[in-house]
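Topology and contacts: notes
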Amino acid sequence: MTKVIVIGAGVVGASSAYRLAQAGAEVLVLEAIRPGSGTSGISYAWTNAHRKPPFPYHQLNVNGMKTHAALRDEFGTTPWWHGGGSLEWTEPERHQSFRENVQQLQAWGYAAEYVSPAQVAGLEPDIDLAVLGDSPAAFFPDEGWCDPVVYIHAMLSAATHRHGAKLVLGARVADLTMQGDRVTGVRLADGTVHRADMVVNCGGRWTNDAVREAGLHLPLAPTPGLLVFTPPVACGLSRVLHTSVVNARPDGAGRLMLHWDPTDLTVQLDSKVSVDMPQVVDLMRRARQVFPGIGDVSAEAVRLGIRPIPGDGLTAVGPMPRVNGYYVAVTHSGVTMSPFLGLCVADEVVRGVVRPELADFRPARFFN
Ligand SMILES: Cc1cc2nc3c(=O)[nH]c(=O)nc-3n(C[C@H](O)[C@H](O)[C@H](O)COP(=O)(O)OP(=O)(O)OC[C@H]3O[C@@H](n4cnc5c(N)ncnc54)[C@H](O)[C@@H]3O)c2cc1C
């Protein structure tokens with residue numbers, strides 16, 4: 001039986017652990033803190049394949065969306081995944097790029113349709129249509145959002161209870177153990193050594209911290225993102241919404257999660273954030289513009305998440321060059337893609353099947 005160590009219990013590690021164990025591997029998941037404590041716990045978590053060229057990268061995301069939907073047949077219920085599509089319109093200076101995006105998505109066979117103001121109101125009655133004005137709006141029926149930590153729990157439960165995987169929390173990997181050019185396992189920060197035939201690093205933005213050997217570091221270009229949370233508010237928003245003033249989605253128990261791309265440019269990877277910072281107050285003001293019914297409410301919480309982005313902005317999944325027995329899986333849009341990536345990792349690591357969908361996303365491209 002192939003012994004596999006998975007580093008990290010975010011969406012990518014949990015998906016990989018489940019599929020590896022299901023494929024017959026003896027799986028040990030080593031998580032430094034707790035499941036979902038990394039980027040997966042601070043994510044907008046919109047499942048989509050928007051503005052994700054080139055086509056193979058778009059398709060990787062589409063495969064992720066399809067695999068999320070297929071989990072319903074496998075698990076019976078998928079309480080972590082919320083369909084309902086997404087609605088979008090943009091500020092006037094971006095109308096052309098908005099139309100080009102819709103056209104590109106339609107040309108790629110992706111469900112994307114223009115909708116009238118009356119249809120927008122039908123889908124989301126609490127929106128103030130004055131914000132929409134005469135902007136073109138589009139609906140993307142196959143999109144949705146995910147509660148990543150609920151998903152992670154389901155994958156880890158299935159991996160451990162159904163397929164015998166083991167999960168150790170508080171296990172910080174400090175280095176790989178090597179014999180010549182073969183990775184033989186990992187050494188934890190407390191000195192414990194675990195042996196394996198294959199180490200799969202799903203450490204997200206911390207992937208390189210688990211490996212001392214600089215030659216095995218994946219180039220990463222992480223970016224910060226600010227997410228603002230309202231208290232429970234009387235608002236019926238039921239899907240992902242991107243507007244000309246703010247982006248929003250439900251976040252359970254009546255809370256809304258808010259995001260605004262330009263705001264991300266005002267924070268750094270190590271910024272301290274608080275609910276009274278001007279950017280947060282501004283996002284709440286923007287939310288009130290779209291949903292006047294929420295009243296004069298302040299933010300309940302704000303969180304800074306760091307996107308784990310490989311150096312060229314695309315996914316990096318596959319064996320690391322120069323050594324044997326070491327595989328990495330690091331990506332932005334990991335919430336969308338992780339169910340599919342988990343299947344690919346299991347095929348490649350356990351079954352020896354090389355997945356053609358990953359051909360353009362090999363870590364080796366950084367080491368030529
Ligand atoms: C603001 C924001 C918005 C986003 N929006 C979206 C979106 O709309 N749609 C989408 O699909 N994606 C989105 N993303 C990206 C997505 O959240 C990430 O791609 C995904 O969560 C990455 O998951 P992961 O499992 O790779 O990493 P993580 O969730 O970071 O998991 C890594 C785990 O590894 C553990 N770990 C790290 N180092 C070690 C070590 N040495 N030893 C043991 N364990 C270790 C960590 O504790 C952590 O639990 C967003 C991200 C941000 C920040």
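The structure displayed is predicted, hence computed values, not measured ones. Every residue gets a number counted from 1 within its own chain, in the order that chain's sequence is written. For this predicted model, a pLDDT threshold of at least 70 governs which residues receive local features, and a threshold of 80 or more governs which side-chain atom pairs are given and counted, while totals over whole chains, interfaces and linings are taken from all residues. Computation of side-chain values: all heavy atoms of the structure, hydrogens and water removed.

1. Here we look at helix H2 (residues 55-75)
Taking 1.5 Å per residue, 21 residues should reach 30 Å; H2 reaches 30 Å between its end C-alpha atoms and fits that length. By the largest-angle criterion, Ala69 marks the main kink of H2, which is about 25 degrees. All of the buried residues in H2 are Tyr57, His58, Leu60, Asn61, Val62, Asn63, Gly64, Met65, Thr67, His68, Leu71 and Phe75. To qualify as a helix, a DSSP run of H or I must reach at least 4 residues; to qualify as a strand, a run of E must reach at least 2; elements of each kind are numbered from the N terminus. In the segment just after H2, Gly76 is the residue with positive phi, at about 85 degrees. What a helix is expected to span follows from its residue count: subtract one and scale by 1.5 Å. The quantity called bend is, for any residue, the angle between two axes fitted respectively to the seven residues ending at it and the seven beginning at it. A simple rule labels every residue: compare its accessible area, found with a 1.4 Å probe on the protein chains alone, to the largest value its type can have, and call it buried under 20%, exposed over 50%, or partly exposed in between.

2. Notes on the pattern of salt bridges
We define a salt bridge as a contact between a side-chain nitrogen of Lys or Arg and a carboxyl oxygen of Asp or Glu at a distance within 4 Å. Applying the stated criterion to the full structure yields 16 salt bridges. Put simply, Arg355 and Asp347 hold a salt bridge, and the shortest N to O gap is 2.6 Å. Accessibility classification places Arg355 together with Asp347 in one group, the buried group. Here the salt bridges share partners, and the residues they tie into one network are Asp347, Arg351, Arg355 and Glu357.

3. Looking at the site of the ligand
Taken together, 37 residues lie around the ligand, and Glu31, Ser40, Ser43, Trp46 and Thr336 are the ones closest in. Polar contact criterion, stated in full: a pair of N or O atoms within 3.5 Å, where within protein one must be able to donate a hydrogen and the other to accept it, and residues adjacent in sequence count only if both atoms are side-chain atoms. In this structure, Val12 approaches the ligand through a main-chain N or O atom, which is 3.0 Å from an oxygen atom. Glu31 places a polar side-chain atom, nitrogen or oxygen, 2.7 Å from an oxygen atom of the ligand. If the ligand stood free it would expose 1000 Å²; the protein chains cover 97% of that surface. Contributing elements (two or more residues each) for the shell around the ligand: helix H1 (11-22), strand E2 (26-31), strand E18 (301-307) and helix H9 (334-349). Residue polarity is assigned by list, with Asp, Glu, Lys and Arg as charged and Ala, Val, Leu, Ile, Met, Phe, Trp, Tyr, Cys and Pro as nonpolar; anything else, Gly included, falls into the polar class. Split into classes, the residues belonging to the shell around the ligand amount to 18 nonpolar, 16 polar and 3 charged. Both of domain 1 (3-64 + 148-218 + 310-367) and domain 2 (86-141 + 223-307) provide at least three residues apiece to the shell around the ligand. One heavy atom suffices: a residue is near a molecule or strand as soon as one of its heavy atoms comes within 4 Å of it. For accessible areas, the Shrake-Rupley method is used with a probe of radius 1.4 Å. Any residue's cover is judged against the shown protein chains and nothing else. A domain assignment, automatic or from a database, supplies the domain bounds used here.

4. Details of the sheet that holds strand E20 (residues 326-330)
What makes two strands pair is DSSP finding at least two bridges between them. Judged by pairing direction, the sheet is mixed, and its 6 strands sit side by side in the order E9-E2-E1-E13-E20-E19 without closing on themselves. At either end of the open sheet lies a strand with only one pairing partner, and these are strand E9 (166-169) and strand E19 (316-319). Strand-to-strand twist across the sheet, computed as the mean angle between neighbouring axes with direction ignored, equals 15 degrees. In this description, a line fitted to the C-alpha atoms serves as the axis of each element, helices being fitted only across the stretch in contact, and the angle between N-to-C directions of two axes falls anywhere from 0 to 180 degrees.

5. Structural notes on the sheet that holds strand E11 (residues 182-188)
Spatial ordering of the open sheet is given by E10-E11-E12, a layout of 3 strands whose pairing is antiparallel. The sheet is open, and its two edges are formed by strand E10 (173-179) and strand E12 (193-195), each paired on a single side. Each neighbouring strand pair of the sheet contributes to a mean axis angle of 30 degrees, computed without reference to strand direction. Taken together, the 3 bridges between E11 and E12 define a ladder with antiparallel strand orientation. Opposite Gly185, over in E12, you have Arg195 as the bridge partner.

6. Here we look at the domain arrangement of the protein chain
Looking at the protein chain, the domain boundaries give domain 1 (3-64 + 148-218 + 310-367) and domain 2 (86-141 + 223-307). For domain 1 and domain 2, the distance between their C-alpha centres works out to 30 Å. Taken together, the contacts link 17 residues of domain 1 with 24 residues of domain 2. For any pair of parts, buried area is found by adding up, for both, the accessible area (1.4 Å probe) each one loses once the two are put together. Overall, the association of domain 1 and domain 2 removes approximately 1700 Å² of surface from exposure, summing both partners, and the carbon and sulfur fraction of that is 62%. Interface area lost by domain 1 to domain 2 is led by Ile42, Tyr44 and Arg51, which between them contribute 42%. Two residues qualify as a contact provided that any one of their heavy atoms is within 4.5 Å of a heavy atom in the partner residue.

7. Thoughts on empty space enclosed by the protein
Remark: the empty space left among the atoms is shown by a probe the size of a water molecule rolled over them. Each cavity reported here is a set of points on a 1 Å grid over the protein atoms alone in which a 1.4 Å probe fits but cannot get out, each pocket an open set with protein on both sides within 12 Å along at least five of seven lines, and each lining residue one with an atom within 4 Å of a point. Grid points are joined across faces, edges and corners, and a volume is the space filled by probe spheres set on the points. In total, this model carries 1 cavity of 30 Å³ or more according to the counting rule given. In this structure, the largest cavity occupies an estimated 30 Å³ of space. Looking at the lining of the largest cavity, the elements with two or more residues in it are H1 and helix H6 (148-163). With 3 residues, H1 is the largest single contributor of residues to the lining of the largest cavity.

8. Some thoughts on the layout of surface pockets
Estimated volume of the second largest pocket: approximately 250 Å³. Surrounding the second largest pocket, 15 residues form its lining, Gly41, Pro148, Asp251, Met257 and Arg303 being those nearest its centre. Elements that contribute at least two residues to the lining of the second largest pocket include exactly H6 and strand E14 (223-229). Ranked by residue count, the leading element in the lining of the second largest pocket is H6, at 3 residues.

9. Observations concerning the side chain of Asn63
Locating Asn63 in the fold gives a position in helix H2. Looking at Asn63, the relative accessible area reads 15%, which means it is buried.

10. Points about the environment of Gly342
Position of Gly342 relative to the elements: it lies in helix H9. By relative accessible area, Gly342 is classed as buried at 0%. Spatially, the C-alpha atoms of Gly342 and Leu20 are 7.7 Å apart, while their sequence positions differ by 322 residues. Residues within four places of Gly342 in sequence aside, it is in contact with Ser15, Ser16 and Arg19.

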